[in-house]
Amino acid sequence: MRQSSWFFFGITAEAIVLSLLLLHAASSENAQQSSLAQKAALVKNLRLTDLCLFTEARYTRHLSQADLNTAFQDHPLSLEHFPSGSFTQPNLPNEAP
Amino acid sequence: MNSWIEKQRYIIDFTISSLLRRKVKNIGLLALYTLIVFILASTMFFTYSIKKEARLILQGSPEIVVQKIVAGRHDLFPVAYIDDIKGIRGVADVEPRLWGYYYDSLVQANYTVMVPSRQIANSPSDARTTVVIDPNDPHAADVNKPMYEYDGAAPEAGTIVIGNGVARMREIGVGDYMPFMAADGEIMNLKVVGTLSAESELVSSDLMLLNDEDYRKLFGIDKQLVTDVVVSVKNPSEISTVASKIKKKLHDSRPIIRDEILRTYDSIFNWRGGMMIVVFSAAVLAFVIFAWDKASGLSAGERREIGILKAVGWETSDVIQMKFWEGTVVSLTAYFSGVILAYIHVFFTGSAVFEPALKGWSALYPNFALTPFVNAEQLTTLFFLTVVPYTVATIVPTWRAATIDPDSAMRHTGE
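On a predicted model such as this, the values are computed, not experimentally measured, just so you know. (Residues numbered from 1 in each chain as written. Chains lettered and ligands numbered in written order. Predicted model: local features only at pLDDT ≥ 70, side-chain atom pairs only at ≥ 80, totals over all residues. Heavy atoms only, no water.)

Asks: How should the overall build of chain A be read in this particular structure?
Replies: Scanning chain A for helices and strands turns up three helices and zero strands. Each helix and strand of chain A, placed in order from N terminus to C terminus, yields the pattern α-α-α. Accessible surface, chain A: about 4,500 Å² in total, of which carbon and sulfur atoms supply 68%. (Helix = DSSP H or I, 4+ residues; strand = E, 2+ residues; numbered from the N terminus. Areas by Shrake-Rupley, 256 points an atom, 1.4 Å probe, with all protein chains shown as cover.)

Have a look at this one:
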């Protein structure tokens, strides 16, 4: 087979795999609606405010409820030392006064 | 048209043969390029999906949470403040929340301990099957009953409902007892009567639900204090106004509105975040080196090759087409491979590469499968960020080399 045929064959195969993955994404999105609804109901019923992503420190567990002086919670010159703190940024400016 | 296609195919044949002549260099280039696309695509898929999922799930979070602040820190909220808030025009309801953290020294993990509020969801499907109840427990109802059959009274005294992450880490289940050291030093043995479902781990992995009295005994909190309060507002457009009224009335309070909660998760994994910028800059830097290598000129061998091609009758446009196909072959292959691998990585392996960094020092990390939210916009952005610049960077120096005289191109081989 010619080199160009191999190339087009490879690219087409990859494009087909990518299309199948996109189909998988679309179908999973629909299939997971009930799971999302269940999580949303749990949030509503328990009055939850945050995702349980980082449990290492209280201000990373409840990012939206954290003190505004989070970075200095241990002492005034304390630097951020929890790894997950580097993924997140401080709570956005409070619109409510 | 057919002749044009055939010509392009011959050029591609020649290009691939030329690439294969420098096999090691080009396979290395392809592997590194794929890795860059993989990192960028994985980050993009992961952050977009988690943001979208957070937005969908947290839509039902409280309209306003009011904390008490003392010396810049979150403090316990006096129950007496509740009536002050209820007196504000526009407030529909004020509900106290009792929650806090318990550090389990046995497994070195932090749990979120919470007293459930009364149930809101009316739809039975929303409220059902979230708690798996022990069928042997005489007090437990069947699994088809709503999530809290106690309807606001929370678990009975001496019992707890635990999140699936806690159950997994402590290897306990329904019917087992969990010991806690109360604030007064007394050991409290609480019986597990239910576990929250595995599907809800993203919000409930570390949760522990217990009743009001057990909570107060565990933490030694007086009846006159709660952790914070949740305020519901009659007119959703007045949330901000009500929050400002609360702040005016209670100077030591900090109202947090739902929009802020949602925005917090919109900005999570923001590109400015420390770790993200490290990941991005490494990828971008590597890509810039590629582009620089290509754009800064051709090697002596490549220049001579162009000279020979022109001498045997290739036109400048043919040479440029050859280089265009060279860039396309490498970048398209890297793009498709990188995106496919990134999708498998994020949505099938649970972001295994990111996991160690995401876990940090957490002893308790939720097992969750992200809903794959992928759209054409993400793929297009990625395409223009990777394929287009590389292809252009390949063509520009070629155009310079292809326009010079073939004789001088072949002679100046030593530079």
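Asks: Explanation requested: the overall build of chain B in the structure shown.
Replies: Scanning chain B from terminus to terminus reveals 15 helices and 13 strands. Of all 415 residues assigned to chain B, the portion counted as buried reaches 50%. The long-range share in chain B, meaning contacts at least 24 apart out of those at least 6 apart in sequence, stands at 78%. About 18,900 Å² of surface is accessible on chain B, with carbon and sulfur atoms providing 59% of the total. (Buried < 20%, exposed > 50% of the residue type's maximum accessible area, 1.4 Å probe, protein only. Contact = heavy atoms within 4.5 Å.)

Asks: Would you take a moment to explain the packing of aromatic side chains for this structure?
Replies: Pairs of aromatic rings are described using the distance from one ring centre to the other and the angle between the two planes. Enumeration over the complete set of coordinates arrives at 18 aromatic pairs over all chains. Ring geometry for W6(A) and F9(A): centres 6.4 Å apart, planes at 80°, overall edge-to-face. Of the two residues, W6(A) and F9(A) both sit in helix α1 (residues 3-31), three residues apart, roughly one turn of that helix. The ring of F14(B) has R21(B) lying over it, and the distance from NZ or CZ to the ring centre is 6.0 Å. (Phe/Tyr/Trp six-rings, centres within 6.5 Å; stacked < 30°, edge-to-face > 60°. Lys NZ or Arg CZ within 6 Å of the ring centre and 35° of its normal.)

Asks: Can you walk me through the nonpolar core in this structure?
Replies: Counting 74 residues, the largest nonpolar core has L51(A), F45(B) and V339(B) as the members making the most contacts within it. If we skip the residues at most four places from it in the chain, V339(B) touches L18(A), V37(B), A41(B), F45(B), L379(B) and L382(B). In this structure, I82(B), V94(B), V166(B) and V231(B) belong to the second largest nonpolar core, which totals 42 residues. (Core = buried A, V, L, I, M, F, W, Y, C linked by side-chain atoms within 4.5 Å.)

Asks: Quick question: what am I supposed to make of the UniProt feature "transmembrane region" (unreviewed entry) in chain B here?
Replies: The feature "transmembrane region" (unreviewed entry), as given by UniProt, occupies residues 27-48, 273-292 and 332-354 of chain B in the numbering adopted here. A distance of 25 Å separates the end C-alpha atoms of residues 332-354 of chain B, which is 74% helix and 0% strand. (UniProt positions renumbered as here; feature names shortened; annotations may be inferred.)

Asks: How should the side chain of T159(B) be read in this particular structure?
Replies: All names here are of chain B. One can find T159 in strand β7 (residues 159-162). Given the relative accessible area of 10%, T159 is considered buried. Residues contacting T159, with those up to four places away along its chain left out, are L190, K191, V193, L209, L210 and D214.

Asks: How should a positive patch on the surface be read in this particular structure?
Replies: All names here are of chain B. Taken together, the side chains of R89, K234, K245 and K248 make up a positively charged region of the molecular surface. Structurally, the position occupied by R89 is in the loop between α3 (80-86) and β4 (91-104). R89 sits in the exposed class, given a relative accessible area of 72%. (Patch = residues over 30% accessible without salt bridge, like charges linked within 9 Å, V, L, I, M, F, W, Y side chains within 5 Å. Salt bridge = Lys/Arg side-chain N within 4 Å of Asp/Glu carboxyl O. Lys, Arg positive; Asp, Glu negative; His and termini not counted. Charge placed at Lys NZ, Arg CZ, Asp CG, Glu CD.)

Asks: In this structure, what is going on with the interface of chain B and chain A? I would like to understand it.
Replies: Interface size, as often reported, equals the accessible area lost upon joining of the parts. If you look at the interface, chain B gives 103 residues, while chain A gives 66 residues. Of the roughly 7,700 Å² buried where chain B meets chain A, counting both sides, 61% is carbon and sulfur surface. The largest share of the area that chain B buries against chain A comes from R254(B), Y265(B) and W361(B), three residues that together contribute 8% of it. Across the chain B-chain A interface, the total number found is 29 residue pairs in polar contact (both at pLDDT 80 or more). Sorting elements by how many residues they give to the side of chain B that touches chain A places helix α12 (residues 316-348) of chain B first, with nine residues. Of the residues contributing to the side of chain B that touches chain A, the split by class is 55 nonpolar, 27 polar and 21 charged. (Buried area = accessible area lost by both parts, 1.4 Å probe. Polar contact = N/O pair within 3.5 Å; in protein donor to acceptor, adjacent residues only side chain to side chain. Nonpolar A, V, L, I, M, F, W, Y, C, P; charged D, E, K, R; others polar.)

Asks: Teacher, can you tell me more about the UniProt feature "transmembrane region" (unreviewed entry) in chain A here?
Replies: UniProt tags residues 6-26 of chain A as "transmembrane region" (unreviewed entry). Between the first and last C-alpha atoms of residues 6-26 of chain A the distance is 30 Å; the span itself is 100% helix and 0% strand.

Asks: Is there a simple way to explain the side chain of T112(B) in this structure?
Replies: Among the secondary structure elements, T112(B) is positioned in strand β5 (residues 109-115). Judged by its relative accessible area of 1%, T112(B) is buried. Polar contacts involving the side chain of T112(B) include one to the side chain of R61(A), which spans 3.3 Å. Of note is the side chain of T112(B), whose polar atom sits 2.8 Å from the side chain of D206(B). Not counting chain neighbours up to four residues away, the residues in contact with T112(B) comprise R61(A), H62(A), W99(B), G100(B), Y101(B), D206(B), L207(B) and M208(B).

Asks: Help me understand the environment of G185(B), please; the structure alone is not making it clear to me.
Replies: Looking at where G185(B) falls in the secondary structure, it is placed in the loop between β8 (177-181) and β9 (187-196). Placed 48 residues apart in sequence, G185(B) and V233(B) show a C-alpha to C-alpha distance of 41 Å.

Asks: Would you explain the packing of α12(B) against helix α14 (residues 376-402) of chain B in this entry?
Replies: For any two helices packed against each other, the geometry comes down to the angle between their axes and how far apart the axes lie. Residue and element names in this part refer to chain B. Contact geometry of α12 with α14 gives a least axis separation of 9 Å together with a crossing angle of 155°. Considered as vectors, α12 and α14 are oriented roughly antiparallel to each other. Crossing handedness for the pair α12 and α14: right-handed. Class assignment for the residues of the contact of α12 with α14 results in 15 nonpolar, eight polar and two charged. (Axes fitted to C-alpha atoms, helices over the stretch in contact; angles between N-to-C directions. Parallel < 35°, antiparallel > 145°, perpendicular 65-115°, else oblique. Left-handed = near helix turned anticlockwise from the far one by under 90°.)

Asks: I tried to follow a nonpolar patch on the surface on my own but got confused; where do I start?
Replies: A cluster of nonpolar residues, F384(B), V388(B), V392(B) and V396(B), forms a patch on the protein surface that exposes about 330 Å² of accessible area. Inspection of the secondary structure puts V396(B) in helix α14.

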